[in-house]
Amino acid sequence: MEVRKVGVVGLGAMGAGIAQLCVEAGIDTVGREVTADLGEQARDRIGHFLTRKTEKGQLEQSVRDDAMNRLSLTTELDAFADCDVVIEAIVEELEPKRQLFAELERICRPDAVLATNTSALSVTEIAAATSSPGRVVGMHFFNPAPLMPLVEIVRAELTEDEPFETAFALGERIGKTPIRCHDTPGFVVNRVLIPLLNDCIRVLDEARVSPEDLDTGMKNGAGWPMGPCALVDLVGIDVHVHASEALYEKTREQRMAPPARLVAMRNAGLLGRKSGRGFYTYD
Ligand code: CAA
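Read on for an overview of the structure.

A few words on the side chain of Lys-97. Take Lys-97: it is sitting in helix 4 (residues 94–107). Overall, the relative accessible area of 1% leaves Lys-97 in the buried class. Only 2.5 Å separates the side chain of Lys-97 from the side chain of Glu-88, close enough to count as a polar contact. Those residues within four positions of Lys-97 in sequence are excluded, and the remaining contacts are Glu-88, Ile-90, Val-91, Glu-92, Thr-116, Thr-118, Leu-121 and Ile-126.

Close to the ligand lie 19 residues, the nearest being Arg-52, Lys-56, Ser-119, His-140 and Asn-143. Within the side chain of Arg-52, an N or O atom sits 2.6 Å from an oxygen atom of the ligand. Side-chain polar atom of His-140 to an oxygen atom of the ligand: 2.9 Å apart, as the coordinates give it. For the ligand, whose free accessible area comes to 1100 Å², the fraction covered by protein is 66%. Elements supplying a minimum of two residues to the shell around the ligand: helix 2 (36–55), helix 7 (189–206) and helix 9 (228–235). Top contributing element to the shell around the ligand by residue count: helix 2, with 3 residues. When the residues that make up the shell around the ligand are grouped by side-chain class, the tally is 11 nonpolar, 5 polar and 3 charged.

As a packed pair, helix 8 (residues 211–222) and helix 9 sit with axes 7 Å apart at the nearest point and diverge in direction by 105°. Judged by the angle between their axes, helix 8 and helix 9 are roughly perpendicular. Residues Pro-211, Leu-214, Asp-215 and Met-218 of helix 8 lie in contact with helix 9, whose contacting residues are Pro-228, Cys-229 and Ala-230. Looking at the contact of helix 8 with helix 9 residue by residue, the classes come out as 6 nonpolar, no polar and 1 charged.

How each quantity is defined
- Residues numbered from 1 in each chain as written.
- Predicted model: local features only at pLDDT ≥ 70, side-chain atom pairs only at ≥ 80, totals over all residues.
- Heavy atoms only, no water.
- Helix = DSSP H or I, 4+ residues; strand = E, 2+ residues; numbered from the N terminus.
- Buried < 20%, exposed > 50% of the residue type's maximum accessible area, 1.4 Å probe, protein only.
- Polar contact = N/O pair within 3.5 Å; in protein donor to acceptor, adjacent residues only side chain to side chain.
- Contact = heavy atoms within 4.5 Å.
- Near = heavy atom within 4 Å.
- Areas by Shrake-Rupley, 256 points an atom, 1.4 Å probe, with all protein chains shown as cover.
- Nonpolar A, V, L, I, M, F, W, Y, C, P; charged D, E, K, R; others polar.
- Axes fitted to C-alpha atoms, helices over the stretch in contact; angles between N-to-C directions.
- Parallel < 35°, antiparallel > 145°, perpendicular 65-115°, else oblique.

Here it is as structure tokens:
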């Protein structure tokens, strides 16, 4: 299917990043937030990153303006009625996602592809909330979505070929490197990355190394682009703990379980960059 219009539900860090990619690729995009204010905050965020690109000579001013004009905002799901693909990036909880997909099924065209950006929940369980699970697929982006090249295109148990390939082609069109995988806990990258990051956090206590030294170690000894503590701060400590819990629940592998230190940080409101403090402090 040729994708002319994309809908993005939820314009937090991930949703705004996905919407940015779509408008930059020349696709009319409608973004939905629960309040108009939150929608405007996302528009500002996208505008800010596109302006930085023009300032750095990576994007013509007119191209930036055209991209911004392709973005429309709504608080109503009805605005997705004419979308070819809708990408969900709301809170990482199963029930709200299932409710949303049931509603999207009612509103969207029967041939529209319904995609979820879930990182640790089952795409199959989300799809099962609809009576047309064949058109539900995972499109799992990485944080920050505009900068990280990968998108995992996730085939749930009943995903049909055409919606799957439409999602894959959309991933390529918005400049990503898509990979195909099946709906298993953590898909490909998080299946490896989440226990690895948990190991890193446990090493903080075991080896009595500071977050700064651990980060220096992994950057300079393993070639990571950023250290594990900085990465967990970027992802969000609440998001990482939540993803770890979801994977632990599914696999019962001890390494998936969130380290006590991270749970304590989450409970104390130290959420990383977004709260201004995690392993590091931010302005
Ligand atoms: N959205 C859009 N643009 C952004 C952005 C964002 N969130 N963040 C930064 N940018 C833009 C900025 O304009 C910035 O330029 P200025 O500072 O001049 O304004 C530009 O991108 C470059 O930013 P950086 O200088 O910070 O870029 P960098 O070269 O240092 O690379 C990085 C940053 C890509 C994040 C790199 O450090 C990296 O690859 N880190 C690893 C990230 C990673 O592993 N992510 C996966 C997390 S796991 C996950 O997401 C899975 C999950 O399900 C939870």
